[in-house]
Amino acid sequence: MTDTSKYDISIIIPVYGVEDYIEECLRSVMAQKAVDKISVECIVVDDCGPDKSIDIAERIIDSYNGPIDFKIIRRKKNGGLSAARNSGIHEAAGEYLYFLDSDDYISPDCISRLWQLAEEHPKVEIVYGKTVCVPDPEEKRTYLDLAKFHAPAYSNATATVRKYHLLFPEIACNRLIKTSWLKDNELYFTEGLINEDFDWHLRAHFAVCSYSILLYGEATYLYRQRENSIMTSDKEEARHKRRSQILRNVAAANAKWDNAFFKFICNHLLSIKFADYLPYSQSIYREDFNFFQNCRQASFSHKIILYYLNMNRPLMRYRILMAGIKLLIK
């Protein structure tokens, strides 16, 4: 695809039901430092919400006078987060895309720090930022910490990139994503799907060949932990089933599993197999195991390892099994 970008970066913000948070989100974009040296557009996508979110956004944007070009695009009907993001992608004219959820916000130096990495590594496909939760930074700290993986700060070695990509948090926000790479590989978000970030993360694995990571300094993205109702067993079971189905779909859609992806499958199976506290875990495990064991993409060595994992009384527990798998499928 020929690069005909008008901007360096397109920030895409889907808006739905966030009247309590949208102002802080937009103000954080408007407060970006050093963007006079970077051409930036911000696309606000109206996903036909039931509250005054888009009215608030329109008022704030109308009063803004700065270097970032804001535009509001209005969908004809509500389509969900994936559809809203896709609408933004189709309108974007940036070399890179940056997804920002409308109940979150970014640090004043977010865009300039990520753009610096993109300039240092021309044509890099994904630049990962640093994310923390608010109001409690300790919430999900271990999950969001990229430094714990000891990954190289930059790589264009495909095997290395894909190995770490699968380890990183499965969130689409707080990344610069090369627009031409996304479109060439048809990495649009699957519409009508819950857990769309997990789906996108897995599909991107088979296409990504270069990355850069912002490992040090303050966080660039403030991920808001909103209060939710207590997760019921039924909801938890539905979530596990959705994730299992997404993994199966991606596994079946790709002609060849690399070792990193097969390790991910094994980790998924073992995490369910040993989740004794979940009353439904064994039924999900059985369905997943049967699928992957019979999947045409599974090589003979994959099938042998899967057969061992399916033993009723495994000789070794989870961590030892994973260590063995790493030795078998280097």
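Residues numbered from 1 in each chain as written. Predicted model: local features only at pLDDT ≥ 70, side-chain atom pairs only at ≥ 80, totals over all residues. Heavy atoms only, no water.

Observations concerning the overall build of the protein chain
Within the protein chain, the regular secondary structure consists of 13 helices and eleven strands. Its C-alpha atoms give the protein chain a radius of gyration of 21 Å, within 12% of the compact-globule value 20 Å for 330 residues. The principal-axis extent of the C-alpha atoms belonging to the protein chain is close to 65 × 45 × 35 Å. For the protein chain, the exposed area adds up to about 16300 Å²; of that, 50% sits on carbon and sulfur atoms. Averaging the locations of the 43 positively and 44 negatively charged side chains of the protein chain gives two centres separated by 9 Å. (Helix = DSSP H or I, 4+ residues; strand = E, 2+ residues; numbered from the N terminus. Rg over C-alpha atoms; globule rule 2.2 N^0.38 Å. Areas by Shrake-Rupley, 256 points an atom, 1.4 Å probe, with all protein chains shown as cover. Lys, Arg positive; Asp, Glu negative; His and termini not counted. Charge placed at Lys NZ, Arg CZ, Asp CG, Glu CD.)

Digging into the pairing of strand E11 (residues 221-224)
Across two bridges, the pairing between strand E5 (residues 105-106) and E11 is antiparallel. Bridge pairing in E11 places Ile-106 opposite Tyr-221. Alignment of strand E7 (residues 131-134) against E11, held across four bridges, turns out to be parallel. Across the sheet, Val-134 pairs through a bridge with Arg-224, a residue of E11. (Pairing = 2+ DSSP bridges.)

What about unusual backbone geometry?
For the bond running from Val-134 to Pro-135, omega is 10 degrees, close enough to zero to count as cis. With respect to the secondary-structure elements, Pro-135 resides in the loop between E7 and helix H5 (141-144). Residues other than glycine seldom take positive phi values, yet Asn-174 does so here, at roughly 60 degrees. Position of Asn-174 among the secondary structure elements: in the loop between helix H6 (158-167) and strand E9 (175-178). You can call Asn-174 buried: its relative accessible area is 2%. (Buried < 20%, exposed > 50% of the residue type's maximum accessible area, 1.4 Å probe, protein only.)

Considerations on the sheet that holds strand E3 (residues 69-74)
The eight strands are arranged E3-E2-E1-E4-E9-E6-E10-E8 in an open sheet whose pairing can be described as mixed. Both edges of this open sheet fall to E3 and strand E8 (154-155), since each of them pairs with a single strand only. Taken strand by strand, H6 contacts strand E6 (126-128), E8, E9 and strand E10 (211-213), and its axis lies near 50 degrees from that of E10. (Contact = heavy atoms within 4.5 Å. Axes fitted to C-alpha atoms, helices over the stretch in contact; angles between N-to-C directions.)

Digging into the nonpolar core
Formed by 69 residues in total, the largest nonpolar core has its most connected members in Ile-9, Ile-11, Tyr-98, Ile-111 and Trp-181. The biggest single contributor to this core is helix H4 (residues 110-120), with six residues. Aside from chain neighbours lying at most four places away, what touches Ile-111 is Ile-9, Ile-11, Gln-32, Val-35, Ile-38, Val-40, Tyr-98 and Ile-106. Counting residues in each nonpolar core, the second largest holds 31 residues, with Phe-262, Phe-274, Ile-305 and Leu-309 among its members. (Core = buried A, V, L, I, M, F, W, Y, C linked by side-chain atoms within 4.5 Å.)

Digging into the environment of Ser-212
Relative to the helices and strands, Ser-212 is located in strand E10. Taking relative accessible area as the criterion, Ser-212 reaches 1% and is therefore assigned buried. With 74 residues separating them along the chain, Ser-212 and Arg-286 place their C-alpha atoms 38 Å apart. With sequence-adjacent residues up to four places away left out, Ser-212 is seen in contact with Leu-117, His-121, Val-124, Ile-126, Val-127, Tyr-128, Ala-153 and Tyr-154.

Quick word on the pattern of salt bridges
Considering all chains together, one arrives at 17 salt bridges under this definition. Residues Glu-58 and Arg-74 are paired through a salt bridge, measuring 3.3 Å at the closest nitrogen-oxygen approach. Here Glu-58, found in helix H2 (residues 53-62), pairs with Arg-74, found in strand E3; they are 16 residues apart in sequence, far enough to count as distant. Since its relative accessible area comes to 45%, Arg-74 is described here as partly exposed. Salt-bridge contacts for Asp-197 lead to Arg-85; the nearest nitrogen and oxygen are separated by 2.6 Å. Of this pair, Asp-197 sits in helix H8 (residues 196-205) while Arg-85 is found in helix H3 (residues 80-91), placing the two residues 112 residues apart along the sequence. One exposure class covers both Asp-197 and Arg-85, and it is buried. Overlapping salt bridges bring together Glu-23, Arg-27 and Arg-59 as one network. (Salt bridge = Lys/Arg side-chain N within 4 Å of Asp/Glu carboxyl O.)

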